[in-house]
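Single-letter residue listing:
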Amino acid sequence: MPRLRSGTLIAILPGALACAVFAHGPEQRARPALDAPSVWREAERETLGDHVRLTDPAMFARAGEAYFDKDMKRIIFQAVPRGDWDSGASAEHYSMYVATITRDERGLPSGLRDIVRVSPDHSANTCGWFHPRDTWSVLFGSTIVEPAKQAASGYQRSSRDYVWQFPEEMEIVEVRLPGAPPIERGIAIKDSCFSPMINPRPMTQRTLFAREGYDAECSWSSDGRFVLYVNVKPGTKEGDIFVHDTETGAHHALVTAPGYDGGPFFSRDGEFITYRSDRVGNDLLQVFVAKLAFENGVPTGIEWEREVTANEHVNWAPYWSKDGKWVAYSTSEVGHTNYEVFLIESNTGDQALPASELARKRITHTAGFDGLPVFSEDGRWMMWTSQRLSDTDAPDANPGSQVWCARRRE
């Protein structure tokens, strides 16, 4: 990561996709004993409620880095399926899936249905995103074919270094979902449905653009015109943040500092971006925000950049609150085997504040990994990746990393 960014789950999920998309997160070596649901529910009663595990460990060996559509009716997520129900999916890398959220009698999220793989057979994929206006289109990074290199990626505790694989096959693709008219200049790809769909049509896919090196960690602006993404030049580990103008085809460099800058997201108003960086070279990651500079309405650079975190921890996968005043992020502050979600002031006011003076609050409270937080369009729900136990799990169960959702209580 996804996703660190969105790179993402490599560090979080043992044996996860060996792909930089998980340049978003640090690798865990040991799985701690997980808290019982009664323990974490009580610990989180002031921050989260109505918890539900959306992905099923019986279906997915690991799943994560999920994002809502605008109406909170569907999610897009990456996962490795369990068993043979999706024979075209890679057993080593993450495939990309779209699913509809089911609701209980109270109207609260209860699970998923109509789970459809939207990525090509045997490909490695990361960082999915729904188009803000075209409900039929999604965006994600994909190798399209099986990647040639299989080297492990993640945070190497033995060497205190971040080692990521950046497959040069990885490009940003747009996919038109089943049941939609074909995408212009797209090619048909096979769908893989776990649940039957009404009058499904073949999906269509097109590569958004082709640049030298690794391209991923992508998302659309709120109007759908601009695509924020990360490019890693061949033979390097230097990740830079760019924006692509879908109207003109132009690419503009936004953040080109030394090291890996990645996991970027636009704020809702399109005036700022947030991301994480390892530019200091001290085996840590920090969260940043930047105010965009515009020319004729097109973001072409940044006016200023500010630290949101500056500490001795690994901080990554930042995501904006609805009002842009806060940023949620994942951090090793509690421990490298117990990543948690925190909320911190975004530092986007008229005057920059030292990161140490920004107000912050811990959101998740359970053993194991909690990270990659995102919010629904109305800001009332948080979705994230967690290793926690559910009420139906045995005390000694190992559900792996799965997608969770809960209502915010603040």
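Refer to the structure above for everything that follows.
Residues numbered from 1 in each chain as written. Predicted model: local features only at pLDDT ≥ 70, side-chain atom pairs only at ≥ 80, totals over all residues. Heavy atoms only, no water.

*Asks:* Report on the side chain of Thr-55, specifying residues and quantitative values.
*Replies:* Note that Thr-55 resides in the loop between β1 (48-53) and β2 (60-68). Judged by its relative accessible area of 2%, Thr-55 falls in the buried class. One polar contact links Thr-55 to Gln-402, side chain to side chain, over a distance of 2.8 Å. At 2.8 Å, the side chain of Thr-55 and the backbone nitrogen of Val-403 are in polar contact. (Helix = DSSP H or I, 4+ residues; strand = E, 2+ residues; numbered from the N terminus. Buried < 20%, exposed > 50% of the residue type's maximum accessible area, 1.4 Å probe, protein only. Polar contact = N/O pair within 3.5 Å; in protein donor to acceptor, adjacent residues only side chain to side chain.)

*Asks:* Tell me about unusual backbone geometry, residues and numbers included.
*Replies:* Unlike most non-glycine residues, Glu-65 shows phi in positive territory, near 45 degrees. Relative to the elements of secondary structure, Glu-65 occurs in strand β2. Positioned with a positive phi, His-122 is a non-glycine residue whose angle comes to about 65 degrees. Residue position: His-122 is located in the loop between β5 (109-117) and β6 (125-130).

*Asks:* Quick one: what's the story with the packing of aromatic side chains, residue by residue and with numbers?
*Replies:* The description of two aromatic rings rests on the distance between their centres and on the angle between their planes. Under the criterion given, the structure shown has 22 aromatic pairs. When the centroid spacing of 6.0 Å and the interplanar angle of 45 degrees are considered together, the rings of Trp-85 and Tyr-97 count as tilted. On the criterion of sequence distance, the pair formed by Trp-85 in the loop between β3 (74-81) and β4 (95-103) and Tyr-97 in strand β4 is long-range, its members being 12 residues apart. Classification of Trp-85 as partly exposed rests on a relative accessible area of 22%. Look at Phe-209 and Tyr-229: their rings are 4.8 Å apart centre to centre, the planes differ by 50 degrees, and that puts the pair in the tilted class. With a gap of 20 residues between them, Phe-209 in the loop between β13 (203-207) and β14 (214-220) and Tyr-229 in strand β15 (residues 226-232) connect regions that are remote in the sequence. (Phe/Tyr/Trp six-rings, centres within 6.5 Å; stacked < 30°, edge-to-face > 60°.)

*Asks:* Please give an account of the sheet that holds strand β21 (residues 298-307) that cites residues and values.
*Replies:* The four strands lie next to each other as β18-β19-β20-β21, forming an open sheet whose pairing is antiparallel. Looking at which strands have only one partner, the edges of the open sheet turn out to be β18 (261-266) and β21. The average angle at which neighbouring strand axes cross in this sheet is 30 degrees, direction not considered. Across four bridges, the pairing between β18 and strand β19 (residues 272-277) is antiparallel. Across the sheet, Gly-262 pairs through a bridge with Arg-276, a residue of β19. (Pairing = 2+ DSSP bridges. Axes fitted to C-alpha atoms, helices over the stretch in contact; angles between N-to-C directions.)

*Asks:* An account of the sheet that holds β14 is needed here, citing residue identities and associated values.
*Replies:* What holds strands together in a sheet is hydrogen bonding between their backbones, with the strands either parallel or antiparallel. The four strands are arranged β14-β15-β16-β17 in an open sheet whose pairing can be described as antiparallel. Among the strands making up the open sheet, the edge pair consists of β14 and β17 (251-255). Here the strands of the sheet are splayed against their neighbours by 30 degrees on average, with no regard to which way each runs. Bridge analysis of β15 against strand β16 (residues 239-245) gives seven bridges, and the strand direction is antiparallel. Looking at the pairing, Asn-231 lines up with Asp-240 of β16.

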